[in-house]
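Analysis of the macromolecular model
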Amino acid sequence: MKQSLTPTRRHFSGQKLVVSSWLALVMAIALFIAPASATGVYDLPQLEANSPTWIVDQADVISRANEGALSSQLNKLAESTGQEVRLVIIRRLDYGETIDSFADQVFEQWYPTPETRANQTLLTIDTLTHDTAIRVGDEAKSLLADDIAESVVLETVAVPLRNGSKYNQALLNASDRLVAVLSGQNDPGPPQVQEANIEGTFTSAEETDDANATIWVVVILVLATAIPMATYFWYVGLPGK
């Protein structure tokens, strides 16, 4: 004999189905709009003086070609002068962390003694805020003075980041300048910035991405409301029937 589902059990099953649908959609939304994971010093690979790794790009902002060019340039600097420069780019700092405290921790973790950090230069960038910090060992400071190091951060790196988040340009320019100075050459200074008089009338890639993300969030929120309701009424029937 076939057994029909009683109204109470049918109603209860419909509620469970709605709740399950709702939870699945909420989880999808959370995964879609959740910020990138924060990075702390222990999330980075453990490097040390004389390590062959020159770039740690956890934000994936450097093209493969440019990463290869930068690594080759910094490796040649180390072989010819003993001066080592490493670049660290992350997506987001841990809560309560600043780019300066992060740079201090990485510098001390990788080079724990004055001797190991003497010829080291570390440049760190947080892509969420564009904050940048540089740390320089005692021997390297004899070549890379504080005013030049500050200019590298505030001009060579910061200007391309402000003007369209140009990470590849910023890091290539920074590497060129650091290599020149640490090789004993004259400081070439920051790249010249040319002011454009014509305002662009098109949206940037970042603005387009933000608009698309907003549209997707709205669509998902609408679906999160409509699908459970439609599922419920389809399962239990429309009121009055």
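One can find the structure itself at the top, above this paragraph.
Residues numbered from 1 in each chain as written. Predicted model: local features only at pLDDT ≥ 70, side-chain atom pairs only at ≥ 80, totals over all residues. Heavy atoms only, no water.

1. Some details on the nonpolar core
Judged by nonpolar contacts, the single largest core of 31 residues is most densely connected at Leu87, Ile89, Leu123, Ile134, Leu144, Val157 and Leu171. Going through the elements one at a time, helix H2 (64-81), strand S2 (84-90), strand S3 (120-126), strand S4 (131-136), helix H6 (146-162) and helix H7 (167-182) are the ones with two or more residues in this core. Broken down by element, the residue count for this core peaks at eight residues, all from H7. Ignoring sequence-local partners within four residues, the contact set of Leu123 consists of Arg86, Leu87, Val88, Thr132, Ala133, Ile134, Val153, Val157, Leu171 and Ala174. Grouped together as the second largest cluster of nonpolar side chains are 16 residues, Leu47, Leu93, Ala103 and Val106 included. (Core = buried A, V, L, I, M, F, W, Y, C linked by side-chain atoms within 4.5 Å. Buried < 20%, exposed > 50% of the residue type's maximum accessible area, 1.4 Å probe, protein only. Helix = DSSP H or I, 4+ residues; strand = E, 2+ residues; numbered from the N terminus. Contact = heavy atoms within 4.5 Å.)

2. Some thoughts on the packing of aromatic side chains
Following the criterion strictly, the structure yields two aromatic pairs and no others. Centre to centre, the rings of Phe107 and Tyr111 are 5.4 Å apart; their planes meet at 80°, and the pair counts as edge-to-face. The same class applies to Phe107 and to Tyr111, which are both buried. With a centroid separation of 6.3 Å and an interplanar angle of 80°, the aromatic rings of Trp110 and Tyr111 are classed as edge-to-face. Taken together, the ring pairs connect Phe107, Trp110 and Tyr111 into an aromatic cluster. (Phe/Tyr/Trp six-rings, centres within 6.5 Å; stacked < 30°, edge-to-face > 60°.)

3. Topic: H6
The first and last C-alpha atoms of H6 sit 23 Å apart over 17 residues, in line with the 24 Å expected at 1.5 Å per residue. At Val152, H6 shows its largest bend, some 35°. Buried residues belonging to H6 abut S3, S4 and H7. Trailing H6 by a residue or two, Gly164 shows a phi angle of about 105°, which is positive. (Expected span 1.5 Å × (residues − 1). Bend = angle between axes of the 7 residues up to and from the residue.)

4. A word on the pattern of salt bridges
As enumerated under the stated definition, the model contains five salt bridges in all. Two residues, Arg135 and Asp100, come together in a salt bridge whose shortest N-O distance is 3.1 Å. Placement of the pair is Arg135 in strand S4 and Asp100 in helix H3 (residues 99-110), with a sequence separation of 35 residues. Put simply, Arg135 and Asp104 hold a salt bridge, and the shortest N to O gap is 2.6 Å. Residue Arg135 is found in strand S4, and its partner Asp104 is found in helix H3; the two are separated by 31 residues along the sequence. (Salt bridge = Lys/Arg side-chain N within 4 Å of Asp/Glu carboxyl O.)

5. With respect to the side chain of Asp126
Relative to the elements of secondary structure, Asp126 occurs in strand S3. The buried charged residue Asp126 lacks any salt bridge partner; its closest oppositely charged side chain belongs to Arg92, at an N-O distance of 7.4 Å. Reaching out from Asp126, the side chain makes a polar contact with the backbone nitrogen of Leu128 at a distance of 3.2 Å. Setting aside its immediate chain neighbours within four residues, Asp126 contacts Ile90, Arg91, Arg92, Leu93, Ile99 and Asp131. (Lys, Arg positive; Asp, Glu negative; His and termini not counted. Polar contact = N/O pair within 3.5 Å; in protein donor to acceptor, adjacent residues only side chain to side chain.)

6. Observations concerning the pairing of S4
Judged by how many residues are buried, S4 sits mostly within the fold: five of six residues are covered. Relative to S4, S3 runs antiparallel, the two being bridged by six bridges. Residue Thr124 lies in a different strand from S4, and its bridge partner there is Ala133. In this antiparallel pair of consecutive strands, S3 and S4, the connection spans four residues, and His130 shows a positive phi of 70°. (Pairing = 2+ DSSP bridges.)

7. So, the packing of H2 against H7
Closest axis-to-axis distance for the H2/H7 pair is 11 Å, and the angle between their directions is 10°. When the interaxial angle is binned, H2 and H7 end up roughly parallel. Counting all contacts with H2, which are made through Asn66, Leu70, Gln73, Leu74, Leu77 and Thr81, the residues of H7 involved are Asn168, Leu171, Leu172, Ser175, Asp176, Val179 and Leu182. (Axes fitted to C-alpha atoms, helices over the stretch in contact; angles between N-to-C directions. Parallel < 35°, antiparallel > 145°, perpendicular 65-115°, else oblique.)

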